[in-house]
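Per-entry structural report
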Amino acid sequence: MSAPLRFDGQVALVTGAGRGLGREHALLLASRGCRVIVNDLGGAYDGTGPGARVADEVVALIRAGGGEAVANYDSVEDGPAIVGACLAAYGRLDIVVNNAGILTPQTWDSLTRDAWARTLDVNLTAVFSVMKAAWPVLVRQRYGRVVCVASPAVFGAGVAAYAASKAALIGLAASLQFEAKKLKMDIKVNTVIPQAGTRMIEDFAKDVAEMQAKQGKKVTHRPAPPEAMQLMSPAKCSAMVAWLCHRDCPHQATIHEAGAGYFAQLTWARSAPLFVTEAEGVVSAPLPEHVRDGRDTLADFAGGDMPKSGDGSMGGPDALTRVVEHLRKSKL
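Notes on the structure follow.

Conventions used here
- Residues numbered from 1 in each chain as written.
- Predicted model: local features only at pLDDT ≥ 70, side-chain atom pairs only at ≥ 80, totals over all residues.
- Heavy atoms only, no water.
- Axes fitted to C-alpha atoms, helices over the stretch in contact; angles between N-to-C directions.
- Helix = DSSP H or I, 4+ residues; strand = E, 2+ residues; numbered from the N terminus.
- Parallel < 35°, antiparallel > 145°, perpendicular 65-115°, else oblique.
- Left-handed = near helix turned anticlockwise from the far one by under 90°.
- Nonpolar A, V, L, I, M, F, W, Y, C, P; charged D, E, K, R; others polar.
- Buried < 20%, exposed > 50% of the residue type's maximum accessible area, 1.4 Å probe, protein only.
- Salt bridge = Lys/Arg side-chain N within 4 Å of Asp/Glu carboxyl O.

A few words now on the packing of helix 4 (residues 113–141) against helix 5 (residues 160–183). Packing of helix 4 against helix 5 leaves a shortest axis separation of 9 Å and a crossing angle of 15°. Taken together, the axes of helix 4 and helix 5 are roughly parallel relative to one another. Along this stretch, helix 4 crosses helix 5, giving a crossing that reads as right-handed. The residue makeup of the contact of helix 4 with helix 5, split by class, is 18 nonpolar, three polar and two charged.

See the structure below:
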């Protein structure tokens, strides 16, 4: 193994760092020399209930190990307060790990507008709040590393509000990367999709099971067995987060999976293009039948490409560019 990755002299803000994934991210960064702001409001997994000073426990562990850390109990919806606390404590901010989130137990049938709004407020709008406050600091330093923590729910899950809020983080991260690119600064913004056994997942499963039982429905959510939870320890995701936070990391607007010692990078994939233009003898608007009859082409990913994120091209070349080039080639 090559030289160890260190974070000496740097400061990281980890939101939702009192338990689960955030706790492990904070502990790992601190063990590598990073000074850490351990932010956690201390509520229940769905954002309700009285706050517990869980951030203090993580700070105590870091200090016991010889590291530096301070606790912060502000809500992630108050980004200026959190970032202000970082600057007051250490005078700088190099790394932001947007980990905090809530998961309301309502599935689609019982999902209310209030639960929907509350989930997006914490999981998405709060990240906006933190980054709006942190961004000027990173720009002044001309340096920064940002990690947004999404979820496998982005692929579709029974918790629509949670899935939507986490999927939106991917677009936000790519847009922030484009802002950094325009400024030509060493600011990298990436997204992690962790797969881990956490208190949130356990408590959610219990609450949904109780809800289903009360409603006389088949119980579909059950807590995972202890051996599975051990294999899916949150600590096994943190290596990816730490790498994306490191000065040497070149990744920009990427999406990575991490869990149980497994890591992978995800990307967008575009199929081979189906053209319905003058070159194919169609002068007017294409018909639905053209699309139906082109299904094999649209399923051909080997003949397609992989759109890039974070460069401002919005997945380009765009449709107009592609069609113009297609028409030009058809006349050769």
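Right, picking up where we left off after that structure.
Moving on, we get to unusual backbone geometry. Residue Pro-317 is reached from Gly-316 by a cis peptide bond, and omega for that bond is 5°. One can find Pro-317 in the loop between helix 10 (295–298) and helix 11 (319–330). Look at Lys-184: it is not a glycine, yet its phi comes out positive at around 55°. Given the relative accessible area of 72%, Lys-184 is considered exposed. Phi at Ala-260 takes a positive value of approximately 60°, unusual for a residue other than glycine. Residue placement: Ala-260 occurs in the loop between strand 7 (255–259) and strand 8 (262–266).

What follows concerns the pattern of salt bridges. A complete count under the given rule lists 11 salt bridges for this structure. Residue Glu-325 is joined to Arg-328 by a salt bridge in which the shortest nitrogen-to-oxygen separation is 2.6 Å. Taken as a pair, Glu-325 and Arg-328 lie in helix 11 at a separation of three residues, close to a single helical turn. Judged by its relative accessible area of 31%, Glu-325 falls in the partly exposed class.

Geometry only, nothing functional implied.
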